[in-house]
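Here is what each chain is made of, one letter per residue.
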Amino acid sequence: MLDLKIAALTVALALPCLISGPASATSQITLFGVVDDGVVHNYQKKNDKGKKTVKNVTELRSGVYRGARWGIKGTEDLGSGYSVGFMLDSGFKDDDGSQTMNRLFGRESTLNVMGPFGELYLGRIGAITSAAGPMAVAAWYTPFGSSCGQFAVTSLSYMFNFQRVDNSVSYRSPKIEDTRFLLQYSRDVDALEDIDPDTAGVQHGEEGKRTTGHYYGTGFQYNNGKVDFNFGADHLTYSKRTTGEKPKSSYSVTFGGSVKHNRLKIYGGAQVFWHGTSAWLFTYNKLWTKTYLNGFAVVGGAEYNIWGGMAMIAAGFNKTRSASPSPDSKSTLAGLSLGYAYPFTKRTNIYLLVNTAKATQRNGTPKKSRAFVTEEAVGLTHFF
């Protein structure tokens, strides 16, 4: 009798799986991620207003070649060309197990609907002029993407690159002769807390109100398989500070892309920006104090398939001036990056990177502050 009861229970538990079999065939859920560790040596020499400092550090660092992450994504086919999907993408540091961005799914957290009308994304996602996510136009203006070291020549380091926006509605049109059009709006950007310790954990105000930061972006993407060209223009209103001050809004125009020919791929990109915070100019933020800047940036590079791997080179230049007359600050930044990545297996890369950056700053006086940085890294990246 006991055996009959166990058999009946087994059948009862299995029936829902058997019944739902055909329906689940239209759905797909994928676990994905990247684990990356590198040994990095960083040498930094600064002469800041007559004060000389030298920093020489060697460390094990996570997310050098590619940002360490794990995530879950899924889609459900609704038929007639329509589908519903989601993306939950979480950043972490595998050298110590900590979470990045102080949030579980800080890299992306979206629900999407796709069909003949195009693609609609709701939630936290990379801004149009950023280097992150499906809406980003500036992801590949150099062969180093948006990573490969703290001082790598990328759009993220040299451009005012508004990274990710919360509470956003993003639309990407279907392809029209290899071209897509982009629109994006965020009702409460709430992203400066990711990297700005002065506003970490501060509730700026109610979503959709003037006390919060808003983002408006538009652009287009052209890709015919060999030529990739992108354009983006955006407007960011900053959230009100804890002192009650609301900073002046920022604007930027960004364009660039790549051309592929056999084993060679050439990259390039440029940007003009007004009242962009240096907290979003990552290389500047590591060399000088935060301020609001007007300026322009140019980056470019090339990659070449050789010896079974990928050789990479990139150069960048940035020139800025403080957006307010006091202090009257002028700065330049120039850098060079070299790298080689070898696919040890289909899922594992070995990489070697060398980055250099030289910056100057003048604060209303003839005397300049200078900084010179070199960064070398060797490491391993595994994709799953």
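Before going into details, it helps to say that this report is about the structure given with it. (Residues numbered from 1 in each chain as written. Predicted model: local features only at pLDDT ≥ 70, side-chain atom pairs only at ≥ 80, totals over all residues. Heavy atoms only, no water.)

1. A look at the overall build of the protein chain
- A tally of helices and strands in the protein chain yields three helices and 18 strands.
- For the protein chain, long-range pairs separated by at least 24 residues make up 60% of all intrachain contacts whose partners lie at least 6 apart in sequence.
- Taken as a whole, the protein chain presents about 19,200 Å² of accessible surface, with 61% of it coming from carbon and sulfur. (Helix = DSSP H or I, 4+ residues; strand = E, 2+ residues; numbered from the N terminus. Contact = heavy atoms within 4.5 Å. Areas by Shrake-Rupley, 256 points an atom, 1.4 Å probe, with all protein chains shown as cover.)

2. As for a positive patch on the surface
- Taken together, the side chains of K319, K330, K358, R362, K368 and R370 present a region of like positive charge at the surface.
- Secondary-structure elements contributing two or more residues to the positive patch are strand 17 (348-363) and strand 18 (368-383).
- Looking at the element boundaries, K319 is found in strand 15 (residues 309-322). (Patch = residues over 30% accessible without salt bridge, like charges linked within 9 Å, V, L, I, M, F, W, Y side chains within 5 Å. Salt bridge = Lys/Arg side-chain N within 4 Å of Asp/Glu carboxyl O. Lys, Arg positive; Asp, Glu negative; His and termini not counted. Charge placed at Lys NZ, Arg CZ, Asp CG, Glu CD.)

3. So, a nonpolar patch on the surface
- Among the surface-exposed residues, Y251, V272, W274, F296, V298 and F317 lie close enough to one another that they form a single nonpolar patch of about 520 Å² accessible area.
- Contributing elements (two or more residues each) for the nonpolar patch: strand 13 (264-277) and strand 14 (292-306).
- Tracing the sequence through the fold places V298 in strand 14.
- Looking at V298, the relative accessible area reads 41%, which means it is partly exposed. (Buried < 20%, exposed > 50% of the residue type's maximum accessible area, 1.4 Å probe, protein only.)

4. Comments concerning the environment of W140
- Relative to the elements of secondary structure, W140 occurs in the loop between strand 7 (118-126) and helix 2 (155-158).
- Judged by its relative accessible area of 40%, W140 is partly exposed.
- For the pair formed by W140 and N230, sequence separation is 90 residues and the distance between their alpha carbons is 9.8 Å.
- Setting aside its immediate chain neighbours within four residues, W140 contacts R66, G145, G257 and Y267.

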